[in-house]
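Spelled out from the first residue to the last, the chains are:
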Amino acid sequence: MEKAILVHLISDKRGKLTAEDSLQELEGLARSAGAEVVHKIVQSRPGIDPRYLIGSGKVEEIALFLLEKEADLVIFNRRLSPTQQRSLEDRLEVKVIDRTQLILDIFAQRARSKEGKLQVELAQLNYLLPRLTGKGTALSRLGGGIGTRGPGETKLEIDRRRIQGRITKIRRDISGVQSRREDQRRNRSKGPIPFVSLVGYTNAGKSTLFSSLSHEKTFTSTQLFATLDPIHRRVSFSDGAYFFLSDTVGFIRKLPKELITAFMATLVEVREADCIGHVIDCSSPSHTEHIQAVEDILDELEVGDTPILKIYNQIDNLPDGRRFLANNTEKAASGVYISAKNGWGIPHLRKALQNILFGKFKTYHLRIPRSRADLIPSFSQWAIILKKWEGGDIFHLKVLAKPDKIEPYAIYINRGENPW
């Protein structure tokens, strides 16, 4: 495990207010990448040093702490220019990376799908391309580990023209994968089954909630970006109605520009959702800023009139969480309070989702004569078939559908005694 020193620069008044939270987030990213954080350094200065980003005196201080802590990695909480990175590595004689390279490294570890891996490699190559010049001597110090996963040292040694050719090919491959996925989304949207997408700031507890709702154990972790590729599962209600649930990559402030396209590509299906569940860690002191960061990205995705249900999670981390739940169950604006970990408030959440997804649906009992059995296969295009059985020359169906969809089949509705 690499030992890392974190460096944070404060250059304005706003930076002072967010310094602690920002540095804590960087530490979470470093741990997620597999580093052991052994020291943190903060400098406040009005301007940015063009050579080192921070002052030369602070660089000397870092050099001393590297020896004292036996650290072999320095991570800056700001983007470093190629010149700054080279200058710092020459002076400190250890690997130096910035926040952007750290996040790219985590994405490289987490990507599992073909599209995810291609998007991450594309982002890494775009980040590394302007850093090729003069990089030769520094390459010998990089070795393996954080900041070198993905394209890494081997591809850096390839000439610029071949890297640009690889970028062109990746973009072509991504286009093909996205086209196939768009066809899959289009086919899914033709049916009546609703689709819910969970979004939220990274580490808000989306994956734990996903497992709780779907009753299927999926990978959960306190690491940031534990889920990168979307996961889909079916979630059923007691009356037989069901919907498809998707868990997505966690959002984060100041996402590296190289990753914005890759990040947004994993969230395209959010635009197709019938409901968006915005999961919020209400125990976090920064939850207001996290909400804003997520809402900003949702605005970029142009989700339009899609209903958004705010899910205030992790109330078990609040003082006297159970009493808080009892007092606030009905009070959250357009949302619910829960603990996905302990199951608190989950029934109320399920009820809220059912009202949003199926509030305009009604239950009907259809009697279809055997002579018109040819109609039945098409029913799944506009109705959810809850139950079906055959009695004599009649097929009995219990369906959930919107009134306007059932209208053409009104003559088959049984308005008499309920046979169920």
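Since this is a predicted model, take the numbers as computed values, not measurements. (Residues numbered from 1 in each chain as written. Predicted model: local features only at pLDDT ≥ 70, side-chain atom pairs only at ≥ 80, totals over all residues. Heavy atoms only, no water.)

Peer 1: Help me understand the packing of aromatic side chains in this model?
Peer 2: In this description, a pair of aromatic rings is defined by centroid distance and the angle of the planes. Under the criterion given, the structure shown has 8 aromatic pairs. Both rings, one in Phe237 and one in Phe243, keep their centres 5.6 Å apart while their planes meet at 40°; by these two values the pair is tilted. Judged on exposure class, the residue Phe237 and its partner Phe243 are both buried. Look at Phe379 and Tyr409: their rings are 5.2 Å apart centre to centre, the planes differ by 70°, and that puts the pair in the edge-to-face class. Of the two residues, Phe379 is situated in helix 14 (residues 376-379) and Tyr409 in the segment after helix 15 (403-406); the sequence distance between them amounts to 30 residues. (Phe/Tyr/Trp six-rings, centres within 6.5 Å; stacked < 30°, edge-to-face > 60°. Buried < 20%, exposed > 50% of the residue type's maximum accessible area, 1.4 Å probe, protein only. Helix = DSSP H or I, 4+ residues; strand = E, 2+ residues; numbered from the N terminus.)

Peer 1: What should I look at first to understand the nonpolar core in this one?
Peer 2: Within soluble globular proteins, side chains that are nonpolar tend to cluster in buried spots. Within the largest apolar cluster, 43 residues are counted, with the highest numbers of intra-cluster contacts made by Ile75, Leu102, Phe263, Leu267, Val270, Leu298 and Leu301. Counting residues per element, the ones that place at least two in this core are strand 1 (3-10), helix 1 (13-33), strand 3 (73-76), helix 4 (99-110), helix 5 (114-128), strand 5 (195-200), helix 10 (257-265) and helix 11 (287-301). Beyond its immediate chain neighbours, meaning those up to four positions away, Leu267 contacts Thr248, Val249, Phe251, Ile297 and Leu301. If you look at the next biggest cluster of nonpolar residues, it comprises 29 residues, including Ile193, Leu213, Leu349 and Phe361. (Core = buried A, V, L, I, M, F, W, Y, C linked by side-chain atoms within 4.5 Å. Contact = heavy atoms within 4.5 Å.)

Peer 1: Can you walk me through unusual backbone geometry in this structure?
Peer 2: Most peptide bonds take the trans form, and the phi angle of most residues other than glycine is negative. Of note, Glu70 is a non-glycine position whose phi angle comes to about 55°, a positive value. Position of Glu70 relative to the elements: it lies in the loop between helix 2 (56-69) and strand 3. Here the phi dihedral of Gln314 falls at roughly 65°; this positive angle occurs in a residue that is not glycine. Here Gln314 shows up in the loop between strand 9 (308-313) and helix 12 (321-328). Judged by relative accessible area, which is 16%, Gln314 ranks as buried.

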